[in-house]
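# Understanding the architecture of this molecule
The lines below spell out each chain.
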Amino acid sequence: MGVWVRIGLLFWALAGALTPWALSQSNRFSQLWPKDRSDFASDSRVRWGTLENGFRYAILPDGNPYGAVSLRFAVNVGSLRESEKESGFAHLIEHLAFEGAGEFSASDIESLFLRWGLSLGSDVNGYTTHHYTCYQIDLKSDADSYLESAFSLYRAFADGIRFDAESIEKQRSIVLAEKLQYEQPLAQFSAFALERTLKGSKYGERPIVGDEAALNLATRDRLMKFYRNWYRPEMMTLFVVGDVDRLEVERLVNRHFGSLQSRGRASPPDVGNVEENQIPRVGLTRIPGMDRTLIDLSRSWQEPRGRDSERLRQRDFLRRFACELLNERCQRFVGVFDSDFVFYETRLEATYAHARLTTSPEKWRTGVAFLDRMIRQASRHGFHPEEIESLKKRWNRRIAKERAAGLRADSHSLAVRLEEATMLGKVYLSSDDEYVLYRRFLDDLNKFDLDRAMREMWRTTGVSLAIGGEIPESVTPRSLGREFLSYRRLSIEPYDYPGQNAIEWAWNGRVGGIASERGVPLLDETYRFVFENQTSLTTMRTRNEPGFVQILVRLRPDSSRDGSLLNPAIRSVALDSFLWSGVSGFQWESIHRELSSRVLDFEYAIEGEDCLCFRARCEPVEIDWVLGMIATFLEKGTVSERGFAFAKSNMMRSLQVELDGMALAKQSVQRELFPGRPELWDPDFKDGLELDREAVAGWLGEILNRSSIEVTVVGDADKDRVAKIVGMSLGALDRPARPERTEAERFSIEFDAGLEKLPYPKQQGERALAIGNWILEPGPTTHEERLALVVCERILKSRLDTALRKDRALSYTTKVDYWALPAFQGFQRFRVEADCRARDLDEVLAVVERVWRNLASGESPISSDELDGARRGLEAEFDFGFRDNRYILENILYSLDERPEWVEEWNALNSGALERVSAEDVVSVCRSWLSWDQALVRGLQPELATLSLR
């Protein structure tokens, strides 16, 4: 279960559709829906209803994907309802619901989820916020046959949680173990900064996970009292989104929840008042184990939200826009793109803005001065008209992207939007209505309003400064306050915006001829072009996302490379150096800004055996700009001193931020598992400290000059137009003669199998990890065998989840995955991970081994429920995947030359191959390739040590 901190007229279609239990908006227990006290009209597809006892429900019929239904049962009680002696009760009760309620025992609940093909934690979960508790169930297919049982379970949660002593002790231990996550350095600092920012309110004083002393005093009687006081129908809301019959759902709601006894509407929680100090409030916290310094500059104020209105949303829109402008300025000076420094947040009764920076300990004063200067500069002098217009272009794209995502959203995404909006007092708008509203805000946006919004957020009074991590002993809160005030007396000049012109890529005047064209067998509207320079293009026309395409450009080497520069961290620096060096007189900052105004998503990486990949999601009209940019880089790009310095600086910053003992320990396991194969290791940033620019440039030159180019375009685009654009850009590049592609070397692995425990430098609390790795040699070769391993992956995870939770107080997460590396002649790997507390590591390792041996030996037979549930969940995922252009590009069309069998596997899935996987098939593949005695199994546990970069 989890902790979440997340930040009007209804027209009835037919009078005859009004059922008696829905006609109760005027009863004395009902609460107004946000739409009933707003100028906005809610999405007309939603049916809003309230029973006579005050129980509320919202139904949003939606048929995408077919057969799926997402349910949310929300209770208006979170940590803000708790007294000091009840801190953590709401979250603990959320955990206890799954231990047994009403007629459902814990095993009954697990059996339900198993039959439905659901995974605990992703498809089924509970979460608590400051304001409410929510229980989530995402039914993936044939949901109408399960709704009755799902509603029965929710009714049991409403008034039948059992609270037996054994379950309380078990879940108390789990919640206390979860608190360890909040003792990690970054979480400690965030809690410290929030408490100072929102001083005077309960937001900082009532952590959702709870107080240890209060949790230890959580007896059955005290928990029952809290539960009975707040779990009342007038505080409950049920959300049903998906492929449902609205009238049938209303009948189920009335049958299951109409008999709940109302006890009157509760008063709103007393959250206190944010103290707006007149002089800066400063504080510092030294956090053991941190080798960096965190700086947080913030300002909070009391601002009752009131009813949801256009004025309120426009004010928030302006503030967020101003914060992003300020964030872009910070990015320019710090040299990092796509990293957020400045935020604006609202928490119903409290509002705050904050800016955060991570720096090395010796530069903390420079960091404080930098943040303060950037904020005061924008507050005093405002924003430059050109930077406003530049960001408006990108927000236009963002709003269009959000609209497109809303139009094709699955039931889960729609349910999340409906739940969050309603529970936090906002009107639920359709994607089209939101698009129209925010486009109007953007059109009306002007410099005067933005400058005023910036001054309102960051006026001199009420500022808080928090510093954490490694801080010199000589620094005290008092001395820090004096220094900070001295910074604020310094005068500042207006910001010098560099400006930019729109970038148009100059084509080289050549057009690459098409050497061959053919359709791709077994795939509709899919075509394959090969140009005279051997660039290949695969296009697939889909109706999944009207008006958008997914693009992949992949440079694949013709033979294996020298492994000396294959560490992912070094490869990342090499690619960053290449792009940040700019091209054709344009620096990457300008290209990045223009790219952001044209393209919805853009990614780049070096993958597998030196494959350089660029990915983009954009409108068809922008395909020529994207491919023109990539072609220009491939033809004229270099690694300059400036670009290399930027990339190396960014790597050092990542090292400071991401240094983690657990990550280093996992790297040591990967080195042991894949000796001599650094491209398969997690990034080790320390390996990049002594990088040489010439070596990096030479390695990149090998990739650029000795690799074939593959282009894949999936979505709403005409194949002939795409082929013409590729011919003018990538298909027109001069490619040097290349030797015939050599066979990929056989991937041979030798390691010492068995179980061993490895210590790692303690930094992240008491977290431990059990890891099991199997190398499948020679590995499955048929579709049926590979599908059996995928089903095995699901069944094993389900069994581990159950075994680790049963009769134990373990805080855990499990991951099971099976994957292949086609570049290494079908090398395949199976992995299991279980995350836990350090003191539970031995027990977790024993559980993982027992569950695995029982499955592989057949001693614990696979039940029909297990098999059906695993297949049902996979079928739903595959079905949804085929409706997603990114999934098609990555899992079906990714390098057809290299993995032509992927198309065959896709068609095998469509023809019901998954249904033919039997329990015997799963056990058989386990016995053939996954012997426990041949696995590398390691337990990672913390030791008392401190990580350091020095």
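Residues numbered from 1 in each chain as written. Predicted model: local features only at pLDDT ≥ 70, side-chain atom pairs only at ≥ 80, totals over all residues. Heavy atoms only, no water.

## Thoughts on the environment of Cys611
- Among the structural elements, Cys611 can be located in strand S20 (residues 611–618).
- As a C-alpha pair, Cys611 and Ile703 span 92 residues in sequence and 7.8 Å in three-dimensional space.
- Apart from the residues within four sequence positions on either side, Cys611 is in contact with Arg554, Leu555, Arg556, Pro557, Ala605 and Ile606. (Helix = DSSP H or I, 4+ residues; strand = E, 2+ residues; numbered from the N terminus. Contact = heavy atoms within 4.5 Å.)

## Re the sheet that holds S20
- Spatially, the 7 strands line up as an open sheet ordered S15-S16-S17-S21-S18-S20-S19, and their pairing is mixed. With partners counted over all chains shown, the strands left at the sheet margins are strand S15 (514–519) and strand S19 (601–607), one partner each. Between one strand axis and the next, the sheet turns by 15 degrees as a mean value, whatever way the strands run.
- Its contacts with the sheet put helix H17 (residues 568–580) on S19 and S20, and the angle it makes with S19 is roughly 130 degrees. (Pairing = 2+ DSSP bridges. Axes fitted to C-alpha atoms, helices over the stretch in contact; angles between N-to-C directions.)

## Some words on helix H13 (residues 411–423)
- Its 13 residues give H13 an end-to-end C-alpha distance of 18 Å, which sits within 8% of 18 Å, the value for a rise of 1.5 Å per residue.
- Of all the positions in H13, only Ser411, Leu414, Ala415, Val416, Leu418, Glu419, Ala421, Thr422 and Met423 are classed as buried. (Expected span 1.5 Å × (residues − 1). Buried < 20%, exposed > 50% of the residue type's maximum accessible area, 1.4 Å probe, protein only.)

## Description of the packing of aromatic side chains
- Scanning the model with the defined rule gives 37 aromatic pairs in all.
- Residues Phe317 and Trp395 carry aromatic rings whose centres are separated by 5.1 Å and whose planes lie at 90 degrees to one another, so their mutual orientation is edge-to-face. Of this pair, Phe317 sits in helix H10 (residues 310–334) while Trp395 sits in helix H12 (residues 385–407), and the two are 78 residues apart along the sequence. Comparing Phe317 with Trp395 shows no difference in burial state: the two are buried.
- For the ring pair Tyr438 and Phe441, a centre distance of 5.5 Å and an interplane angle of 75 degrees mean the geometry is edge-to-face. Taken together, the residues span about one helical turn, with Tyr438 and Phe441 both in helix H14 (residues 431–444) at a distance of 3 residues. (Phe/Tyr/Trp six-rings, centres within 6.5 Å; stacked < 30°, edge-to-face > 60°.)

## Observations regarding the packing of helix H1 (residues 89–97) against helix H8 (residues 220–230)
- Running from N to C, H1 and H8 point in directions that differ by 95 degrees, and their axes come no closer than 10 Å. It follows that H1 is roughly perpendicular to H8 by the angle criterion. Across from Phe89, Ala90, Leu92, Ile93 and Leu96 in H1, the residues of H8 making contact are Arg222, Leu223, Phe226 and Tyr227.
- Here the contact of H1 with H8 is composed, by residue class, of 8 nonpolar, no polar and 1 charged. (Parallel < 35°, antiparallel > 145°, perpendicular 65-115°, else oblique. Nonpolar A, V, L, I, M, F, W, Y, C, P; charged D, E, K, R; others polar.)

## Some details on the sheet that holds strand S14 (residues 463–469)
- Read across the sheet, 5 strands follow the order S10-S14-S11-S13-S12 without closing on themselves; strand pairing throughout is mixed. Lying at the two open borders of the sheet, with one neighbouring strand each, are strand S10 (281–286) and strand S12 (342–346). Pairwise comparison of adjacent strand axes, ignoring direction, gives a mean angle of 20 degrees for this sheet.
- Relative to S14, strand S11 (residues 293–302) runs antiparallel, the two sharing 7 bridges. Looking across to S14, one finds that Asp296 is bridged to Ala466.
- Lying over the sheet, helix H11 (residues 364–381) contacts S11, strand S13 (350–359) and S14, oriented at roughly 35 degrees with respect to S11.

## Some thoughts on the confidence of the model for the protein
- The predicted model of the protein has a mean per-residue pLDDT of 84, with 88% of residues at 70 or higher.
- Considering only residues more than four positions removed or in separate chains, one finds that residues 944–950, a stretch of pLDDT under 50, has 22 contacts. (pLDDT = per-residue confidence, 0-100.)

## Side note on a negative patch on the surface
- Residues Glu84, Glu195, Glu205, Asp211, Glu212 and Glu275 make up a contiguous surface patch of negative charge.
- Residue Glu84 is classed as exposed on the basis of its relative accessible area, which comes to 64%. (Patch = residues over 30% accessible without salt bridge, like charges linked within 9 Å, V, L, I, M, F, W, Y side chains within 5 Å. Areas by Shrake-Rupley, 256 points an atom, 1.4 Å probe, with all protein chains shown as cover. Salt bridge = Lys/Arg side-chain N within 4 Å of Asp/Glu carboxyl O. Lys, Arg positive; Asp, Glu negative; His and termini not counted. Charge placed at Lys NZ, Arg CZ, Asp CG, Glu CD.)

## Observations regarding the nonpolar core
- Ranked by internal contacts, the top residues of the largest apolar core, which has 68 residues, are Trp774, Val791, Leu796, Phe830 and Trp852.
- Ranked by residue count, the leading element in this core is helix H24 (residues 783–805), at 11 residues.
- Contacts of Trp774, omitting those with residues within four sequence positions, involve Gln828, Arg829, Phe830, Val832, Trp852, Trp929, Leu930, Ser931, Trp932 and Ala935. (Core = buried A, V, L, I, M, F, W, Y, C linked by side-chain atoms within 4.5 Å.)

## Examining the packing of H11 against helix H16 (residues 477–488)
- Viewed as axis vectors pointing N to C, H11 and H16 meet at an angle of 40 degrees, and their least axial separation amounts to 10 Å. Between H11 and H16, the interaxial angle falls into the category oblique. Regarding H11 and H16, the two cross each other, and that crossing is right-handed. The residues of H16 that touch H11, namely those facing Trp364, Arg365, Val368, Ala369, Asp372, Arg376 and Arg380, are Leu480, Glu483, Phe484, Tyr487 and Arg488.
- Here the contact of H11 with H16 is built from residues that sort into 6 nonpolar, no polar and 6 charged. (Left-handed = near helix turned anticlockwise from the far one by under 90°.)

## Digging into helix H9 (residues 246–257)
- Counted at 1.5 Å a residue, the expected span for H9 with its 12 residues is 16 Å, and the 16 Å between its end C-alpha atoms agrees.
- Listed as buried for H9 are Val249, Glu250, Leu252, Val253, His256 and Phe257. All buried residues of H9 fall inside an arc of 160 degrees around its axis, so they share one side.
- In the core, the buried residues of H9 are packed alongside strand S2 (47–50), strand S3 (56–61), helix H3 (147–159) and strand S9 (236–242). (Arc of directions from axis to C-beta.)

## Structural notes on the side chain of Ser300
- For Ser300, the location among the structural elements is in strand S11.
- Reaching out from Ser300, the side chain makes a polar contact with the backbone oxygen of Thr197 at a distance of 2.4 Å.
- Setting aside residues no more than four positions away along its own chain, Ser300 makes contact with Thr197, Leu198, Val274, Glu276, Thr351, Tyr352 and Gly462. (Polar contact = N/O pair within 3.5 Å; in protein donor to acceptor, adjacent residues only side chain to side chain.)

## Quick word on the environment of Asp716
- Along the chain, the position of Asp716 falls in the loop between strand S21 (707–715) and helix H23 (719–728).
- Separated by 169 residues in sequence, Asp716 and Gly547 place their C-alpha atoms 5.7 Å apart.
- In this view, Asp716 contacts Arg541, Thr542, Glu545, Pro546, Gly547, Phe548, Val549 and Pro620; residues no more than four positions away in its chain are not counted.
- A polar contact is formed between the side chain of Asp716 and the backbone nitrogen of Gly547, at a distance of 2.8 Å.

## Remarks on unusual backbone geometry
- One non-glycine residue, Gln534, adopts positive backbone phi at about 75 degrees.
- Assignment of secondary structure puts Gln534 in the loop between strand S16 (526–531) and strand S17 (536–541).
- Its identity is not glycine, yet Ser584 carries a phi of approximately 55 degrees, on the positive side.

## Considering the pattern of salt bridges
- Using the criterion set out here, one finds 69 salt bridges in the structure.
- Residues Glu148 and Arg255 are paired through a salt bridge, measuring 2.7 Å at the closest nitrogen-oxygen approach. On the criterion of sequence distance, the pair formed by Glu148 in helix H3 and Arg255 in helix H9 is long-range, its members being 107 residues apart.
- In this structure Glu148 comes out as partly exposed when scored by relative accessible area, which is 34%.
- Across the pair Arg598 and Glu504 runs a salt bridge, and its minimum N-O distance is 3.1 Å. Residue Arg598 is found in helix H18 (residues 588–598), and its partner Glu504 is found in the loop between H16 and S15; the two are separated by 94 residues along the sequence.
- Since its relative accessible area comes to 15%, Arg598 is described here as buried.
- Among the charged side chains, a network of salt bridges with common partners joins Arg397, Glu504, Glu594, Arg598, Glu619 and Glu622.

## Description of the pairing of strand S18 (residues 549–557)
- Most of S18 is tucked away: 9 of the 9 residues are buried.
- Where burial is concerned, the two faces of S18 agree: the one with Val549, Ile551, Val553, Leu555 and Pro557 and the one with Gln550, Leu552, Arg554 and Arg556 are both buried.
- As defined by bridge partners, S18 adjoins S20 across 7 bridges and the pair is classed as antiparallel. Bridge pairing links Arg554 to Cys613 in S20.
- In terms of strand pairing, S18 meets S21 through 9 bridges, oriented antiparallel. Within the sheet, the bridge partner assigned to Val549 lies in S21 and is Gly715.

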